[in-house]
Amino acid sequence: MLASSAFAQTKMSEALKSMPDSRMPYLTHNNRLDCIDFCEANMKAEVRNAFDGKSELVQLTTNYALFRMNDASVVELCLLNADSNHVDSSDAGNQQVICMIHTCGTDLRESVISFFTTSWQQLPTRQFLSEAYGGSLAHYDSEYMELILESNNYLSRPAMEEQKVEEKMQIKLKWMHGEFKKS
């Protein structure tokens, strides 16, 4: 991420440290701090979560974090630059947003996408994502800054083995001008 004198840059580790426990109830503030410390020390960042299971911070970069909360739940956090039209004037000193993708399920998986200011105030999803994504599996590709939406075909599963399974449809959305759009 390029530093800009126009607004302050937040690092993902800073965002995780300031995150209220209510945004990710599985992990307490101390759990998140431990995960960050373990990652920075190149150790496995696994902690005992608030539900007495194990959670792991799998990846942490300047603008991305991937948590495996348990065997059926993954949380991705992306720190993205917004334009001034997308951020409330009270947060104008830091024109970045956090995209949270929470995916649940084992065989049948579905994602919920949420957006927040860097002070963790929730923002309307439709403000940053024009594509409908209900019933989709979502993943963020931090290298290409793309949100990948994949349709779930669990509603159109074949009734018999002889029937053909419908192919999953995939949409790639690029982060441009403060929102995810088809490129």
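See above for the structure.
Conventions and cut-offs
Residues numbered from 1 in each chain as written. Predicted model: local features only at pLDDT ≥ 70, side-chain atom pairs only at ≥ 80, totals over all residues. Heavy atoms only, no water. Helix = DSSP H or I, 4+ residues; strand = E, 2+ residues; numbered from the N terminus. Buried < 20%, exposed > 50% of the residue type's maximum accessible area, 1.4 Å probe, protein only. Contact = heavy atoms within 4.5 Å. Areas by Shrake-Rupley, 256 points an atom, 1.4 Å probe, with all protein chains shown as cover. Disulfide = S-S within 2.5 Å. Pairing = 2+ DSSP bridges. Phe/Tyr/Trp six-rings, centres within 6.5 Å; stacked < 30°, edge-to-face > 60°. Axes fitted to C-alpha atoms, helices over the stretch in contact; angles between N-to-C directions.

**Regarding the overall build of the protein**
Part 1 of the reasoning: Broken down by element type, the protein carries two helices and 11 strands.
Part 2 of the reasoning: The proportion of buried residues among the 183 residues of the protein is 42%.
Part 3 of the reasoning: In the protein, 45% of the contacts between residues at least 6 apart in sequence involve partners at least 24 apart.
Part 4 of the reasoning: As presented, the protein carries roughly 10,300 Å² of accessible surface, and 48% of it is formed by carbon and sulfur atoms.

**Observations concerning unusual backbone geometry**
Part 1 of the reasoning: A positive phi is found at Asn 42, a non-glycine position, where the angle reads about 55°.
Part 2 of the reasoning: Positionally, Asn 42 belongs in the loop between α2 (29-40) and β1 (45-48).
Part 3 of the reasoning: Positive phi, normally seen in glycine, also occurs at His 177, with a value near 50°.
Part 4 of the reasoning: The residue His 177 is located in the loop between β10 (170-176) and β11 (179-182) in this model.

**Considerations on the state of the cysteines**
Part 1 of the reasoning: Evaluated as defined, the whole model comprises zero disulfides.
Part 2 of the reasoning: Just so you know, Cys 78 is unpaired, no disulfide at all, and the nearest cysteine sulfur is the one on Cys 99, 4.7 Å from it.
Part 3 of the reasoning: The exposure class of Cys 99 is buried, given its relative accessible area of 0%.

**Things to note about the pairing of strand β2 (residues 54-60)**
Part 1 of the reasoning: Here β1 pairs with β2 via four bridges, running antiparallel. Following the sheet pairing, Arg 48 is matched in β2 by Lys 54.
Part 2 of the reasoning: Remark: five residues form the turn of the hairpin made by β1 and β2, two consecutive strands paired antiparallel; Asp 52 in that turn has positive phi of roughly 65°.
Part 3 of the reasoning: Bridging between β2 and strand β3 (residues 64-70) involves four bridges; their strand directions are antiparallel. Bridge pairing in β3 places Leu 57 opposite Phe 67.
Part 4 of the reasoning: Counted along the chain from β2 to the antiparallel partner β3, the turn is three residues long.

**Section: the packing of aromatic side chains**
Two descriptors summarise a pair of aromatic rings, namely the distance from one centre to the other and the angle between the planes of the rings.
Part 1 of the reasoning: If you walk through the whole model with that rule in mind, you get eight aromatic pairs.
Part 2 of the reasoning: With a centroid separation of 5.4 Å and an interplanar angle of 50°, the aromatic rings of Phe 116 and Trp 120 are classed as tilted. The same class applies to Phe 116 as to Trp 120, namely buried.
Part 3 of the reasoning: Chaining the aromatic ring pairs together yields one cluster made of Tyr 64, Phe 115, Phe 128, Tyr 140, Trp 175 and Phe 180.

**Overview of the environment of Leu 33**
Part 1 of the reasoning: If you trace the backbone, Leu 33 turns up in helix α2.
Part 2 of the reasoning: When its relative accessible area of 24% is taken as the criterion, Leu 33 is described as partly exposed.
Part 3 of the reasoning: In the structure, Leu 33 is positioned 20 residues away from Ser 13 in sequence and 8.7 Å away in space, judged by C-alpha atoms.

**Considering the sheet that holds β2**
Part 1 of the reasoning: Sheet architecture is open: seven strands sit in the order β1-β2-β3-β4-β5-β6-β7, paired in antiparallel fashion. Edge positions in the sheet fall to β1 and β7 (122-123), since each has one partner strand and no second.
Part 2 of the reasoning: As paired strands, β3 and strand β4 (residues 73-81) are joined by six bridges and run antiparallel to one another. Considered in β4, the bridge of Tyr 64 is made with Cys 78.
Part 3 of the reasoning: Its contacts with the sheet put α2 on β1, β2 and β3, and the angle it makes with β1 is roughly 155°.

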